[in-house]
Amino acid sequence: MSNELETLAARMELSPLMRTHGGLVLSREAKEAQVSIRRAVCDTVVAEVKASGLKRVAGHAMRDASDLDDLRNDLAGGDSTKNSVLAGIEAKYVRGVGNIIDGLTDPFKI
């Protein structure tokens, strides 16, 4: 993921929007517009990074949940009591991962 971050950061820094125009004095309105545009570009890059990270976490969690479900079925071996006990543990894992993902998608977190 650090390569993705470096690529996105470099793309943002090299963007013409992020540079001043060689010695031109901008009007107050032009400066305000440039700041707004830069902020929008930065917000977009941050959103891309968050989405990429969330995708990685979700993919990892899904693979682990699938493995855990297979393990539960193998360990229970058709015994409904064992299956019930193990299903409770599996459900706690799924809730825990859900809490982690919810924390990553909290719009108030930076």
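Since the structure is predicted, the reported quantities are computational estimates derived from the model, not experimental observations.

Q: Explain helix α3 (residues 80-104) to me, and be specific about the residues and the numbers.
A: Spanning 25 residues, α3 covers 36 Å between terminal C-alpha atoms, matching the ideal 36 Å at 1.5 Å per step. Looking at where α3 begins, the residue whose side-chain oxygen comes 2.8 Å from the main-chain nitrogen of Thr81 is Asp79.

Q: I'd like a rundown of helix α2 (residues 28-76), residues and numbers included.
A: For α2, built from 49 residues, the straight-helix expectation of 72 Å at 1.5 Å per residue is met to within 8% by its first-to-last C-alpha distance of 70 Å. For α2, the complete set of buried residues consists of Gln34, Cys42, Val45, Val49, Ser52, Gly53, Gly59, Ala61, Arg72 and Ala76. Phi for Gly77, located one or two positions after α2, is positive at around 50 degrees.

Q: An account of the confidence of the model for the protein chain is requested, with residue identities and associated values reported.
A: Mean pLDDT over the protein chain: 83, with 75% of residues reaching 70 or higher. When the elements of the protein chain are averaged for pLDDT, helix α1 (residues 2-14) gives the smallest value, 65, and α3 the largest, 94.

The rules behind these values
- Residues numbered from 1 in each chain as written.
- Predicted model: local features only at pLDDT ≥ 70, side-chain atom pairs only at ≥ 80, totals over all residues.
- Heavy atoms only, no water.
- Helix = DSSP H or I, 4+ residues; strand = E, 2+ residues; numbered from the N terminus.
- Expected span 1.5 Å × (residues − 1).
- Polar contact = N/O pair within 3.5 Å; in protein donor to acceptor, adjacent residues only side chain to side chain.
- Buried < 20%, exposed > 50% of the residue type's maximum accessible area, 1.4 Å probe, protein only.
- pLDDT = per-residue confidence, 0-100.

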